[in-house]
Amino acid sequence: MATTRRGFIGGAAVAASVVASPSIAAPRASGKVRGPFVLTTWDFGPGANEAAWPILAGGGSSIDAVERSINHVELLPDEYWVGYGGVPNEVGETTLDATIFWGPRHDFGGVGCLKRVKKAISVARKVMEETQHSLIVGDDATRFAVRMGFEETSLTNLRSQEAWEKWAAKGERTDAFLPEPFAEDHLPGHDTVGSISVDAAGNLCVGCSTNGREFKIPGRVGDSPIPGAGAYGDQAVGGAVATGNGDVMMRFLPTYHTVELMRQGMPPDIAAATALKRITDKGYKFGGGIAAIAIDGTHGGAQVGWDDAGFSYSVRSASGNEQIWVSPKPA
């Protein structure tokens, strides 16, 4: 069935005719920007991009820009899905997952189930830059962070504490024990922050950070720190970041798939939609989105399961910031 969606090319809105599968939302946005640039997902994208832009405008590195944009979100006092004060696990503790890719060396660092340290993306960068390892998890990730000079502190605030107390009072098991989502996805939204940047020297960096799913089983690690799942980048191609039901999405490495399709010549929006369709074709009913941008600044995204709620990303370049809704903007 042919449908008409809004797209963006060169900052101007245009209508694009696409063919929509009944199991996946059609790609909604595609455009091109001049580098340097930084892309960040969700409604906190504009603020995160503005925090990062002075680095890029001053000739700085994309790795510093990505770290700055994600730190901005990790430290927001009222953000429930990223950073401190975020979604607690089954026993009331907030833990963090994060990853960072550095294009020039195809290098990677990640942390999973990080406890009591606020800047997860910064710890992931230390894993990448200071060690030969790629992923460190749990209390050992916290010990590594402290060894690298990070402060150990509580990640709980009043909002997260009250959310856990309200849930715990019901005496329910975590929804992680529900059947796999082949009929319906019962999870609330997952606002993982993903950021992709190319600096004036042409260097690519990709990163993401999240608290994961609400009331998860202690020790759970989601898709964010898994290479090719929550984020992926290739210096010769570009990068992609994912958000949504990470327990489903990590089984398919959708950001790796997106980047590889871009390598073959697919535009970012079609590549992202194709990667998501591979998941829905297996029968999963879930909420998820991918935003991708090529090394030349061509960008786009796709989503599934959020037709009413919407999914957005923002791109900041020398011409300003543009927020792009991949699915209909909520009223």
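Below is a summary of the structure that appears in this document. Each residue is numbered by its place in its chain's sequence as written, counting from 1. Given that the model is predicted, a residue must reach a pLDDT of at least 70 before its local features are reported, and side-chain atom pairs must reach 80 or more before they are shown or counted; all residues, however, enter totals for whole chains, interfaces and linings. Each side-chain value is worked out from all heavy atoms of the structure, with water and hydrogens disregarded.

Quick word on the overall build of the protein
On a plain count of helices and strands, the protein comes out with eight helices and 15 strands. When the accessible surface of the protein is summed, it comes to about 13200 Å², and 52% of that surface belongs to carbon and sulfur atoms. Secondary structure elements follow DSSP: runs of H or I of four or more residues count as helices, runs of E of two or more count as strands, with numbering from the N terminus. Here the open area of atoms and residues is found with the Shrake-Rupley method and a 1.4 Å probe, where only the protein chains shown may cover a residue.

Looking at the sheet that holds strand S8 (residues 193-198)
Overall, mixed pairing links the eight strands, which are arranged S7-S6-S5-S9-S8-S4-S14-S15 in an open sheet. Sheet topology places strand S7 (135-137) and strand S15 (320-325) at the edges, where each strand pairs with a single neighbour. Ignoring strand direction, the axes of neighbouring strands in this sheet form an average angle of 10°. Any two strands with at least two DSSP bridges between them are considered paired. Whenever a helix is involved, its axis is fitted only over the stretch in contact; in every case the axis is a line through C-alpha atoms, and angles between N-to-C directions fall within 0 to 180 degrees.

Some words on the sheet that holds strand S13 (residues 298-304)
Reading across the sheet, the five strands line up as S3-S13-S12-S11-S10 and stay open at both edges, with antiparallel pairing between neighbours. For this open sheet the edge positions go to strand S3 (29-32) and strand S10 (231-234), each flanked by a neighbour on one side alone. Along the sheet, successive strands turn relative to each other by an average axial angle of 10°, direction set aside. Here six bridges tie strand S12 (residues 288-294) to S13, and the two strands are oriented antiparallel to one another. Note that in S13 the partner of Gly-288 across the bridge is Val-304. Set on the sheet, helix H7 (residues 254-263) makes contact with S10, strand S11 (238-244) and S12; between it and S11 the angle comes to about 145°. Contacts are assigned to residue pairs that have any heavy atoms within 4.5 Å of one another.

Things to note about the side chain of Asn-89
As for its placement among the helices and strands, Asn-89 is situated in the loop between helix H2 (62-74) and strand S5 (95-102). You can call Asn-89 buried: its relative accessible area is 2%. Polar contact criterion, stated in full: a pair of N or O atoms within 3.5 Å, where within protein one must be able to donate a hydrogen and the other to accept it, and residues adjacent in sequence count only if both atoms are side-chain atoms. Engagement of the side chain of Asn-89 in a polar contact is seen with the backbone nitrogen of Val-91, the distance being 3.0 Å. Once you skip the residues sitting within four places of it in the chain, Asn-89 turns out to touch Thr-95, Trp-164, Phe-215, Lys-216 and Pro-218. The buried label applies to any residue whose accessible area, calculated with a 1.4 Å probe on protein chains only, is under 20% of its type's maximum; exposed applies above 50%, and partly exposed to all values in between.

Digging into helix H1 (residues 45-57)
An ideal rise of 1.5 Å per residue puts 18 Å on 13 residues; H1 measures up with 17 Å between its terminal C-alpha atoms. At Ala-51, H1 is deflected by roughly 35°, the largest bend along its length, and proline Pro-54 occurs up to four residues later in sequence. Those residues of H1 that sit buried are Gly-45, Ala-48, Asn-49, Ala-52, Trp-53, Ile-55 and Leu-56. Buried positions along H1 lie against strand S4 (37-41), H2, S8, strand S14 (312-317) and S15. Helix span is expected to be 1.5 Å times the residue number reduced by one. Think of it this way: the bend at a residue is just the angle between two axes, each fitted to seven residues, one set ending at that residue and the other starting at it.

Things to note about the pairing of S12
Taken across its seven residues, S12 has seven buried, putting it largely inside the fold. Alternating positions in S12 separate into two faces, Gly-288, Ile-290, Ala-292 and Ala-294 on one and Gly-289, Ala-291 and Ile-293 on the other, with burial throughout. One ladder, built from seven bridges, connects S11 with S12; its direction is antiparallel. Considered in S12, the bridge of Ala-240 is made with Ala-292. Taken together, S12 and the strand that follows it, S13, pair antiparallel across an intervening segment of three residues, in which Gly-297 is found at a positive phi of about 95°.

Side note on the pattern of salt bridges
Think of a salt bridge as a Lys or Arg side-chain nitrogen and an Asp or Glu carboxyl oxygen that are within 4 Å of each other. All chains considered together, the criterion is met by 18 salt bridges. Where Glu-50 meets Arg-316, a salt bridge forms, and the shortest distance between an N and an O atom there is 2.7 Å. Highlighted residues: Glu-50 in helix H1 and Arg-316 in strand S14, separated in sequence by 266 residues. When its relative accessible area of 38% is taken as the criterion, Glu-50 is described as partly exposed. Among the residues examined, Arg-316 registers a relative accessible area of 12% and is labelled buried. With a shortest N-O distance of 3.0 Å, Arg-125 and Glu-129 are connected by a salt bridge. Note that Arg-125 and Glu-129 are positioned in helix H3 (residues 120-130) at a spacing of four residues, about one turn of the helix. Judged by relative accessible area, which is 13%, Arg-125 ranks as buried.

Let's talk about the packing of H3 against helix H4 (residues 138-147)
Contact geometry for H3 and H4: axes closest at 10 Å, N-to-C directions at 80°. Between H3 and H4, the angle falls in the class roughly perpendicular. Within the contact between the two elements, H3 uses Val-123, Lys-126 and Val-127 and H4 uses Ala-141, Phe-144 and Ala-145. Classification convention: Asp, Glu, Lys, Arg as charged; Ala, Val, Leu, Ile, Met, Phe, Trp, Tyr, Cys, Pro as nonpolar; all other residues, Gly among them, as polar. Among the residues making up the contact of H3 with H4, the classes are represented as five nonpolar, no polar and one charged. Each angle receives one of four descriptions, namely roughly parallel if under 35 degrees, roughly antiparallel if over 145, roughly perpendicular if within 65 to 115, and oblique otherwise.

Observations regarding H7
Across the ten residues of H7, eight count as buried, placing the element largely inside the fold. Those residues of H7 hidden inside the fold are in contact with S10, S11, helix H6 (246-249), helix H8 (268-280) and S12. Phi turns positive one or two residues past the end of H7, at Gly-265, with a value near 110°.

A short note on unusual backbone geometry
Negative phi values dominate among residues other than glycine, just as trans dominates among peptide bonds. Gly-35 connects to Pro-36 through a cis peptide bond whose omega is 0°. Looking at the element boundaries, Pro-36 is found in the loop between S3 and S4. Even without being glycine, Trp-42 reaches a positive phi, approximately 65°. Relative to the helices and strands, Trp-42 is located in the loop between S4 and H1. Phi at Cys-113 is positive, roughly 50°, even though this residue is not glycine. Relative to the helices and strands, Cys-113 resides in strand S6 (residues 107-115). On the accessibility criterion, Cys-113 (6% relative accessible area) is buried.

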